[in-house]
Amino acid sequence: MIITTGIPDGPVVCRQELRTLLKDANLTNLFILALERMMKVPQTDPTSWYQIGAIHGRPYIPYDGIGTKGSFGGYCCHSSTLFPPWHRPYLAHLEQFLGKHCKDIANEFKDEGDKEKYCIAAEKFRLPYWDWATEAPLPDILATQDKVTVHRPDGSRPVIDNPLWGYKFNPIYDDFGDGLPDEKIWEAWTTTVRYPTTTDKAAKSEPQLMQNTLKNNRLTLRDRAYNLLTQAKDYNTFSHDAAGGLDAGPGGLENIEAIHNQIHVLAGRNGHMGVVDYAAFDPIFWLHHVNVDRLFAIWQALNPDLYVTPLKNAAGTFTRKPGEIESSYYAESPLTPFRRTPEKFWDSNGVRDTRVFRYTYPELEHLEGLSKEEKINRVRIEVNKLYGRTAPVSAAKPSVFKKLDDHKTAAHLDAGVHVTAGDWHKDAKNDKTHYHEWFAHIEAEKYAINTSFFVHIFITHTKILNPQGEFTNDPKKWGLDPNLVGSHCVFANNATFTGCEKCRDAHDKRKIVRGNIPLTSVLGNRLGGIDKLEPEKVTPYLEKNLHWAIQRHDTTVVDNKDVPGLKVTVGHVLVECPGGPGAFAKWGQVKVHKNVTSGRAGGH
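None of these values were measured; they are calculated from a predicted model. (Residues numbered from 1 in each chain as written. Predicted model: local features only at pLDDT ≥ 70, side-chain atom pairs only at ≥ 80, totals over all residues. Heavy atoms only, no water.)

(A) Layout of the overall build of the protein. Along its length, the protein carries 19 helices and 17 strands. Relative to its full complement of 604 residues, the protein shows a buried share of 62%. Nonlocal contacts in the protein, meaning residues at least 24 apart in sequence, comprise 73% of its contacts between residues at least 6 apart. For the protein, the computed accessible surface area is about 22,200 Å², with 50% contributed by carbon and sulfur atoms. (Helix = DSSP H or I, 4+ residues; strand = E, 2+ residues; numbered from the N terminus. Buried < 20%, exposed > 50% of the residue type's maximum accessible area, 1.4 Å probe, protein only. Contact = heavy atoms within 4.5 Å. Areas by Shrake-Rupley, 256 points an atom, 1.4 Å probe, with all protein chains shown as cover.)

The following block contains the structure:
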């Protein structure tokens, strides 16, 4: 029986941004050696990389005897209020075994000097996070290096297969798809792949294509994260992609799961990371989800009185029956398969504070002793400094964001090359009291085309690509097109073949999921400034230049009219600028501009 503890003893330690961790050579070496060792644990062992990855989907084996195969499929908590809290013990579960490997390896070093420095490093180990909202492309050690040099306990320094590059199945599970032809692809791949070149055993990853695609979505990722943290004021709409929508007001436009989905598909496409059933086998999954957990923890600190609200779970899992109410703050719906004690599972209430698993994040590290309002003010400054200084709001009120330089923050501002502002944005001099924030809101049936898919939003411009001002007619280059504003991604299993009971039920009920692509940064660049975003200027421009296109995750084009439930709506809100570095902008009521997209397939 396995109890989920996270790192079981010692102080609360900060999880670091990936690029910060990589500056620590000793900790990086231990991390790689621990990954290598864990990935070699036999796949039948519940502490193996394989078994822990399989909790997220295939091959739908009850983990550590929790649940009965064939009753309710899997432990899926996607499109659910439990999406953020369920993944918290999941991350801690992996972290506790990687942390043990780190300590074991450190103590195996023969040289006493090496042993001492690696034991010190092992005490600092926590899973790192990949903050794709400050720098979307991954460091080379994750993206492009299939080999890496390590320092082993015996003193040798061999070149090994890089475990951050991918996981090698040993053996490959020979019934990933329950014998169904569509899933034979996964049984052919002996290692995880990203942007696979083919769908047979000869497939290779295309790392540079992944990197360039992530880079082309960098403004969208920054704006989505900033808007989510500053405007979401309701836990239900914040927590998952089946809630919210235009009727929920400005706070319901964005949700953490939709942004999470975007990274899954952008980082994996039709490889393992891009499909729910197989995503957790890819090491990127864990670094991505630590960042999702970090955004959740930051949002909690900004909204300390808001948390999980009751919502009926329409479908079952291995351990929850259909129709069961998912946990409120006072309820104890189990976050299976993660045991807190031999008799009890972790629940949402139990994982509300990250410190129960002995970790925190840089933005939250120095809040002890502050009042409730002081804590909120401090975290707002952290968020504004990380994501707000190049967001559209800082062009409207530059004096406020310049004052951030006077505030020392704990955030990872030295992590790498951050998203930069456009020339129109950097040239902004005069403060305004208000400005207009623009967006494209997207709805579609989650299982509309029975796989993960992209909804690409383009704003064409004659000076960017060609005399016609059109985005490229080569679908394989849509993700790289300079006219691309951003790619909304729906992250889904094939409901026909998946073992996920909840997914099949959502398919049958034609569940609608939602997300948002901010348009303001691109409009400011195209139209020449924050003061050029009045509706009378923007709506005719968008009627002419806004377009959208749909692709399956393998880049196969789907006609807009063939996507059930697809609705792209353009709208804006009048924004009141913040009064100081510890304040956020206040968004007004949503104004929908139906004329921008009406009359077109998938329009409002």
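(B) How the structure looks around the pattern of salt bridges. Tallying each qualifying case throughout the model produces 28 salt bridges. Its salt-bridge partner being E135, residue R19 comes within 3.0 Å of it at the nearest N-O pair. You can see R19 sitting in helix α1 (residues 18–21) and its partner E135 sitting in the loop between α5 (112–124) and α6 (140–143), a full 116 residues away along the chain. E135 gets classed as buried once you look at its relative accessible area, which sits at 19%. Between E36 and R152 there is a salt bridge, with its nearest N and O atoms 2.9 Å apart. With E36 in helix α2 (residues 25–39) and R152 in the loop between β2 (147–149) and β3 (159–161), this residue pair connects regions lying 116 residues apart in the sequence. (Salt bridge = Lys/Arg side-chain N within 4 Å of Asp/Glu carboxyl O.)

(C) Representation of the sheet that holds strand β10 (residues 453–459) in the model. Strands sit in the order β11-β10-β13-β14 across an open sheet of four strands; the sheet is antiparallel. Across the chains shown, the open sheet's two edge strands, defined by having one partner strand only, are β11 (484–490) and β14 (557–558). Both β10 and β11 contribute to a ladder of six bridges, which runs antiparallel. Bridged to V455 within β11 is H488. (Pairing = 2+ DSSP bridges.)

(D) Just α2, in detail. The terminal C-alpha atoms of α2, which comprises 15 residues, lie 21 Å apart, in line with the 21 Å expected from a rise of 1.5 Å per residue. Burial within α2 is extensive, with 12 of its 15 residues counted as buried. (Expected span 1.5 Å × (residues − 1).)

(E) Main features of the environment of K385. Checked against the element boundaries, K385 lands in helix α13 (residues 372–388). Spatially, the C-alpha atoms of K385 and K408 are 9.6 Å apart, while their sequence positions differ by 23 residues.

(F) Quick peek at unusual backbone geometry. For the peptide bond that leads from R58 to P59, omega is 0°, which places it in the cis range. Residue P337 is bonded to the preceding T336 through a cis peptide linkage, with omega at 10°. Positive phi is not limited to glycine here, since Y195 has a value of about 50°. Backbone geometry at T555 places phi at a positive 75°, although glycine is not the residue there. Positionally, T555 belongs in the loop between β13 (546–552) and β14. Overall, T555 belongs to the buried group, its relative accessible area being 9%.

(G) Summary view of the side chain of T520. Position of T520 relative to the elements: it lies in helix α18 (residues 520–527). A distance of 2.8 Å separates a polar atom in the side chain of T520 from a polar atom in the side chain of E437. (Polar contact = N/O pair within 3.5 Å; in protein donor to acceptor, adjacent residues only side chain to side chain.)

(H) Region of interest: the nonpolar core. I457, L519 and L542 are the most contacted members of the largest nonpolar core, which has 167 residues in total. With 13 residues, helix α12 (residues 283–302) is the largest single contributor of residues to this core. In this structure L542 touches W438, I459, L519, L523, V570, V596 and R600, once residues within four positions along its chain are discounted. Of all hydrophobic cores here, the second largest spans five residues; its members include F458, F471, W478 and A549. (Core = buried A, V, L, I, M, F, W, Y, C linked by side-chain atoms within 4.5 Å.)

(I) Examining helix α9 (residues 218–231) more closely. Over its 14 residues, α9 runs 20 Å from end to end, which matches the ideal 20 Å to within 8%, given 1.5 Å per residue. Where burial is concerned, most of α9 is hidden: 12 out of the 14 residues are buried. Among the residues of α9, those classed as buried are T220, L221, R222, D223, R224, A225, Y226, N227, L228, L229, T230 and Q231.

Don't take any of this as a statement about function, it's just geometry.
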